[in-house]
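# Structural overview for review
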Amino acid sequence: MTTATLTLEQASHLAEAIRHEISKAVIGQKQVVRETLIALLAGGHVLIEGVPGLGKTLLVRALARTISGQFARIQFTPDLMPADISGHVLFDMQNQSFNVRKGPVFTNLLLADEINRAPAKTQSALLEVMQEQQVTIEGKALPVPLPFMTLATQNPLEQEGTYPLPEAQLDRFLLKVFIDYPELEEESEMVMIVTDKQIGDRFNLNNLQAIATPAQVMAMQTVTAEIAVDVAVLDYAVRITRATRHWQGLRFGAGPRGSIALIRAARANALLAGRDFVHPDDIKQVCLPVLRHRVSLSPEMELESYHADHLLRAILDKTEAPRS
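Cut-offs and rules
Residues numbered from 1 in each chain as written. Predicted model: local features only at pLDDT ≥ 70, side-chain atom pairs only at ≥ 80, totals over all residues. Heavy atoms only, no water. Pairing = 2+ DSSP bridges. Helix = DSSP H or I, 4+ residues; strand = E, 2+ residues; numbered from the N terminus. Axes fitted to C-alpha atoms, helices over the stretch in contact; angles between N-to-C directions. Buried < 20%, exposed > 50% of the residue type's maximum accessible area, 1.4 Å probe, protein only. Contact = heavy atoms within 4.5 Å. Core = buried A, V, L, I, M, F, W, Y, C linked by side-chain atoms within 4.5 Å.

### Quick notes on the pairing of strand S3 (residues 87-92)
In the sheet, S3 pairs with strand S4 (residues 97-102) via six bridges, with the strands oriented antiparallel. Across the sheet, residue Gly87 finds its bridge partner in S4, namely Lys102. Between S3 and S4, which follow one another and run antiparallel, lie four residues, and Gln96 among them has a positive phi close to 55°.

### Side note on the sheet that holds strand S8 (residues 149-154)
Read across the open sheet, the five strands follow the order S2-S5-S8-S1-S9; overall the sheet is parallel. Only two strands of the sheet have a single neighbouring strand rather than two, namely strand S2 (71-75) and strand S9 (175-178). Between one strand axis and the next, the sheet turns by 20° as a mean value, whatever way the strands run.

### Notes on helix H3 (residues 56-66)
Counting buried positions along H3 gives eight out of 11 residues, so the element sits mostly inside the fold. Taken as a whole, H3 has its buried residues at Lys56, Leu58, Leu59, Val60, Ala62, Leu63, Ala64 and Thr66. Looking at the packing, one finds that the buried side of H3 touches helix H1 (8-25), helix H2 (30-42), strand S1 (46-49), S2, strand S5 (109-113) and S8. Phi turns positive one or two residues past the end of H3, at Ser68, with a value near 45°.

### As for the pairing of S1
Where burial is concerned, the two faces of S1 agree: the one with Val46 and Ile48 and the one with Leu47 and Glu49 are both buried. Here S1 pairs with S8 via four bridges, running parallel. Bridge pairing in S8 links Val46 to Leu151. Of the strand pairs in this sheet, S1 and S9 are connected by four bridges, and their pairing is parallel. Residue Glu49 lies in a different strand from S9, and its bridge partner there is Phe178.

### Points about the nonpolar core
Ranked by size, the top nonpolar core spans 72 residues in total, and within it Ile240, Leu262 and Ile283 carry the most contacts. Among the elements that make up this core, the one with the highest residue count is helix H11 (residues 256-272) (nine residues). Setting aside its immediate chain neighbours within four residues, Leu262 contacts Ala237, Ile240, Thr241, Ile283, Val286, Cys287, Val290 and Leu291. Within the second largest apolar cluster, 25 residues are counted, among which are Ile74, Phe106, Leu110 and Phe173.

What follows is the structure, given as structure tokens:
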């Protein structure tokens, strides 16, 4: 298997091998792992929401290990500055010259931990690199290593000392993924592994194998982007997105980037299934993680404890899918 080009079958098998390897470290959470892989294949970014201790950081570290890519972590805090993320210019007294000190964004996989703990000024430092795969320092554009993927986490429980992500920032994430408590058997297996002759509570990732190189990941992304999408399926994705803009109970709906994200994620879902075309079911399967952070509930619906997923499921039920 070459690193330059892959067939659809090779790319699908490689994606499955990566998923299988990650599952050795991330016990359970099959849907979360699958959706993270979908974002990787589609060249997108992921916002992961869940209470502390459910393995959000572990997931990112395991993914970085399986694709033998560079990994960096930023712990977002209220005093974090934009230069702490992107980098800055320093004057070298010895050489009497200015040198660029690159920030942690110059990596393949970036974990933005508790991203909502930093103010908007600092959060916005990620906007350019997430959209353009480059960072501008002192007027000079510096490209980041490819593939580049941001995986941001946020804690839904604590509101004190947090800053809600603005809509423009949320829209840059291809998917918003929820990570929930594991099942009884999965939690028992996890505790058994972590407490077996081991000091501390950190999961040992030394047993994970590097399945793919960054070049192979880019080849997989190329294969994903070439998966066929019928006009009727594309129209179906657009109709779902447009329905969110006038649906009762939604304060505002998804923009055109939502339609684009649906097609990108659906292509990745088709590749994981080994298909060279997008089926309407691919759109349905990725609809919730693609659109849930691009819509906003009306105050009345929030008071009644509704979630965006409730209304998105209703939209899916009412939007007619094309017949295969």
